[in-house]
Amino acid sequence: MGFGRRADDGHLYGGGSPGRGPGAAAGRGTGRADAFFALVRSWAVGIVVLLLCSVFATLAVFEPLASAQRLESLGWRVFLLHLPATVGSGLAALAAARVHPEPFRSSPGGHLLACLAVPLGSLVFSLVTSWEVLLPEGIWLSTLAVLAGCLAAVAADLALDRRHDRQAV
């Protein structure tokens with residue numbers, strides 16, 4: 001049976017209108033459009049979480065604690081700039097991963113794209129837009145912070161999936 005062909009039972013599988021193939025009764029399609037919209041939903045959630053974390057970090061951490069003298073110290077820069085970036089990218093990646101639905105979660109590449117595109121895209125955007133003023137330390141620490149948050153999010157997502165699988169059995 002090929003893509004978009006009728007099976008012996010008369011149903012159209014793999015093609016036709018969205019939501020009319022297998023999985024439509026459960027609300028889960030398996031076509032390319034369904035996979036794309038699952039990615040977009042994950043990205044949207046990741047963007048919202050990343051923006052909320054950024055606003056919170058700015059208002060609750062950076063504005064009350066930052067000063068010119070503190071920003072001269074590496075430890076304070078890590079605490080005020082890079083630690084919030086780690087937390088924000090981790091939470092954004094984890095939120096995007098958790099809303100990425102089955103059956104698309106079972107594709108490792110697609111699932112990683114769903115959960116890591118927003119934090120990594122945000123990192124690339126911030127590096128490109130502020131390239132002239134960044135020092136090598138800022139580039140490396142920003143990259144390390146976002147990658148650490150993404151790694152923690154993927155590990156947490158895997159742990160939550162395993163916990164869910166054990167409870168289902």
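Quick caveat, the model's predicted, so the values are computed rather than measured. (Residues numbered from 1 in each chain as written. Predicted model: local features only at pLDDT ≥ 70, side-chain atom pairs only at ≥ 80, totals over all residues. Heavy atoms only, no water.)

**Examining the overall build of the chain**
When you go through the chain residue by residue, the secondary structure sums to 5 helices and 2 strands. Mapped from its N terminus to its C terminus, the chain presents α and β elements in the order β-β-α-α-α-α-α. Split into buried and exposed, the 169 residues of the chain put 25% on the buried side. Look at the contacts in the chain between residues 6 or more apart in sequence, and 59% of them connect residues 24 or more apart. Accessible surface for the chain amounts to roughly 11,000 Å². Of this, 68% is attributable to carbon and sulfur atoms. (Helix = DSSP H or I, 4+ residues; strand = E, 2+ residues; numbered from the N terminus. Buried < 20%, exposed > 50% of the residue type's maximum accessible area, 1.4 Å probe, protein only. Contact = heavy atoms within 4.5 Å. Areas by Shrake-Rupley, 256 points an atom, 1.4 Å probe, with all protein chains shown as cover.)

**Topic: the packing of helix H1 (residues 32-65) against helix H4 (residues 108-129)**
For the pair H1 and H4, interaxial distance at closest approach is 9 Å and the crossing angle is 35 degrees. Along this stretch, H1 crosses H4, giving a crossing that reads as right-handed. The residues of H4 that touch H1, namely those facing Leu39, Ser42, Trp43, Gly46, Ile47 and Leu50, are Gly110, Leu113, Ala114, Ala117, Val118 and Ser122. Broken down by class, the residue content of the contact of H1 with H4 amounts to 8 nonpolar, 4 polar and no charged. (Axes fitted to C-alpha atoms, helices over the stretch in contact; angles between N-to-C directions. Left-handed = near helix turned anticlockwise from the far one by under 90°. Nonpolar A, V, L, I, M, F, W, Y, C, P; charged D, E, K, R; others polar.)

**What about unusual backbone geometry?**
A cis amide bond, omega 5 degrees, links Glu102 with the succeeding residue Pro103. You can see Pro103 is positioned in the loop between helix H3 (74-99) and H4.

**What to know about H4**
Because each turn of an α-helix spans 3.6 residues, side chains separated by three or four positions end up pointing in the same direction. Here H4 contains 22 residues, and its C-alpha end-to-end distance of 31 Å stays within 8% of the 32 Å for a straight helix at 1.5 Å per residue. For H4, the principal kink sits at Leu116 and spans about 50 degrees; a proline, Pro119, occurs within the next four residues. Listed in full, the buried residues belonging to H4 are His111, Ala114, Cys115, Leu116, Val118, Pro119, Leu123 and Leu127. Contacts made by the buried residues of H4 are with H1, H3 and helix H5 (136-168). (Expected span 1.5 Å × (residues − 1). Bend = angle between axes of the 7 residues up to and from the residue.)

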